[in-house]
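Summary of structural features
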Amino acid sequence: MKRGGSGRTLGWLAFVVAAGALLAETVAPVTVVQLVTPMELARWIREARSDLDVIDTREPEEYAAGHIPTARNVPSTRFEGVPAMGHSTVVLYDESGVAVTSLAASVSPDGSVEVYVLERGIDGWLDEVMAPRLPDTATAAERAAFAEQAELSRWFGGLPRIVVVEPVAGQAAESLPARSKRLLGGC
Amino acid sequence: MSMPFYANGLFGDGAGLTFALVIGLAFGWFLERGGLGNARKLAGQFYLTDMTVLKVMFSAIVTAMLGLFWLNRVGFLDLTSIVVPGTFVAPQAIGGVIFGIGFVMGGLCPGTSCVSAATGRRDGFAVVGGMAAGVLLFGLLFPVLRGLYEATPLGNVTLPELLGVRAGVVVFGVTAMAIGMFTGATAIERRINQGGGRT
């Protein structure tokens, strides 16, 4: 009897919390962050899109050490909305593309500007644009797809490489950087 | 600092694995204390005499769903950093049928078989062994099965994206469904057990 009573109470509690979720979304929908891949951003930059504003939200010393071409620096610690520059597309990035998502909503509260977050941040840019790699065991289709990536990479001064895979199961001849391993391991 | 802590750099690899171990042990301990290391109890689900499995699973789904929704809503969790596994309709439907057949035959699913084996039950060891053999067989046959494995992809979709509604609508709908199923399951359980008692 007591057990059935507590079950009913928990059921009602879940119902109230879920009804609150329904109401909360009706009152103020959550802003969905749009992601752009490093390859797509590289294409936009090469096309010299005049409507594009790329913003590096890392600290000035990190920006000075290396940044994506055409990006300007607005550190997240001093980020109070983005000074209007008349662009219709804004891309934000940081080290890994995680913390910057919380800034995206403040860029264009009225939705007049398309705001994107760079997938995996500068890490993704370095891995996919500046140092893309393809195992020598890749299929013809994968090689064809890599050709375009390699061509784009060279345009930015990157070093695309074919990585030789040793015949030993599970062991690559050239291991990926530790940072890439960690990101892949998370999946 | 917002969650997930590992993705945001608050936990390193060591701390992440330690927490995973602690959470895994706690999960196993609670499953065992809930009686879910016993194949007879789990098999009761298929005979409609014991609906514990359904209630536990839906309780877990609703708890996690409400937690994720509200933590994201108050800005303590970044949902875009949570990995959403890809959906492949045909292979996952076939996998579900194979999983179901194995569940009925063994009376245990992967998690509960580990719990059962950890408490020394021989049927638990048998199911864990079968599971390992299945994984090995799948790995060996993967070149043959690859076409099926990658068939009918839908991408990393979530229910709100698939249904074209806001997350809050799905949260409310799934919770209402779970509450309805708890009520219905309890009624069925009572009716079946009372009927069995009379015969």
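This section reports on the structure supplied with the text.

Reading the values: rules and limits
- All residue numbers refer to position in the chain's written sequence, counted from 1.
- Throughout, the order in which chains and ligands are written sets their labels, letters from A for the former and numbers from 1 for the latter.
- Per-residue local features of the predicted model are confined to residues with pLDDT of at least 70, and side-chain atom pairs are confined, for both listing and counting, to 80 or more; whole-chain, interface and lining totals are unaffected and use all residues.
- Note on geometry: axes are C-alpha line fits, over the in-contact stretch for helices, and angles between N-to-C directions span 0 to 180 degrees.
- Numbering of helices and strands runs from the N terminus; a helix is a DSSP stretch of H or I covering at least four residues, while a strand is a stretch of E covering at least two.
- Any angle between 65 and 115 degrees counts as roughly perpendicular, while under 35 counts as roughly parallel, over 145 as roughly antiparallel, and the rest as oblique.
- Here a crossing is taken to be left-handed if its near helix is turned anticlockwise relative to the far helix by less than a right angle, and right-handed if that turn runs clockwise.
- Note on contacts: residues are paired as contacts if their backbone-placed C-beta atoms lie within 7 Å.
- Charged means Asp, Glu, Lys or Arg here, nonpolar means Ala, Val, Leu, Ile, Met, Phe, Trp, Tyr, Cys or Pro, and polar covers whatever is left, Gly included.
- Residues are called buried when their C-beta atom has 20 or more other C-beta atoms within 10 Å, exposed when it has 12 or fewer, and partly exposed otherwise; all C-beta atoms are positioned from the backbone.
- The pairing criterion for strands is at least two bridges between them, as found by DSSP.

**A few points about the packing of helix α5 (residues 110-118) of chain B against helix α6 (residues 122-149) of chain B**
Residues and elements named next belong to chain B. At a minimum axis separation of 7 Å, α5 and α6 run at an interaxial angle of 135°. Classified by the angle their axes make, α5 and α6 are oblique. Note on packing geometry: the crossing formed by α5 with α6 is left-handed. Here α5 contributes Pro110, Ser113, Cys114, Ser116 and Ala117 to the contact with α6, which in turn contributes Asp123, Gly124, Phe125, Val127, Val128 and Met131.

**Examining the interface of chain B and chain A**
Chain B puts 22 residues into the contact, and the matching count from chain A is 20 residues. At the level of secondary structure, the elements contributing two or more residues to the side of chain B that touches chain A comprise α3 (52-73) and α8 (167-198) of chain B. No other element matches α8 of chain B, which puts eight residues into the side of chain B that touches chain A. Across the side of chain B that touches chain A, the residue classes break down as 12 nonpolar, six polar and four charged.

**Things to note about the pairing of strand β2 (residues 52-56) of chain A**
Residues and elements named next belong to chain A. Counted residue by residue, β2 has four buried out of five residues, so it is predominantly covered. One ladder, built from two bridges, connects β2 with strand β3 (residues 72-73); its direction is parallel. Across the sheet, the residue bridging to Asp56 is Asn73, located in β3.

**Let's talk about the sheet that holds strand β1 (residues 34-36) of chain A**
Residue and element names in this part refer to chain A. The parallel open sheet is built from five strands, whose spatial order is β1-β5-β4-β2-β3. The open sheet has two edge strands with one neighbour each: β1 and β3. Across five bridges, β2 lies against strand β4 (residues 89-93) in parallel orientation. When the bridges of β4 are listed, Ile55 appears paired with Leu92.

**Observations concerning the packing of helix α4 (residues 89-106) of chain B against α6 of chain B**
All names here are of chain B. Relative to each other, α4 and α6 sit at 160°, their axes nearing to 12 Å. As judged from the angle between their axes, α4 and α6 are roughly antiparallel. By crossing handedness, the relation of α4 to α6 is classed as right-handed. Contact residues: α4 offers Ala90, Pro91 and Gly106, while α6 offers Asp123, Val127, Gly130, Leu148 and Tyr149. For the contact of α4 with α6, the residue count by class is five nonpolar, two polar and one charged.

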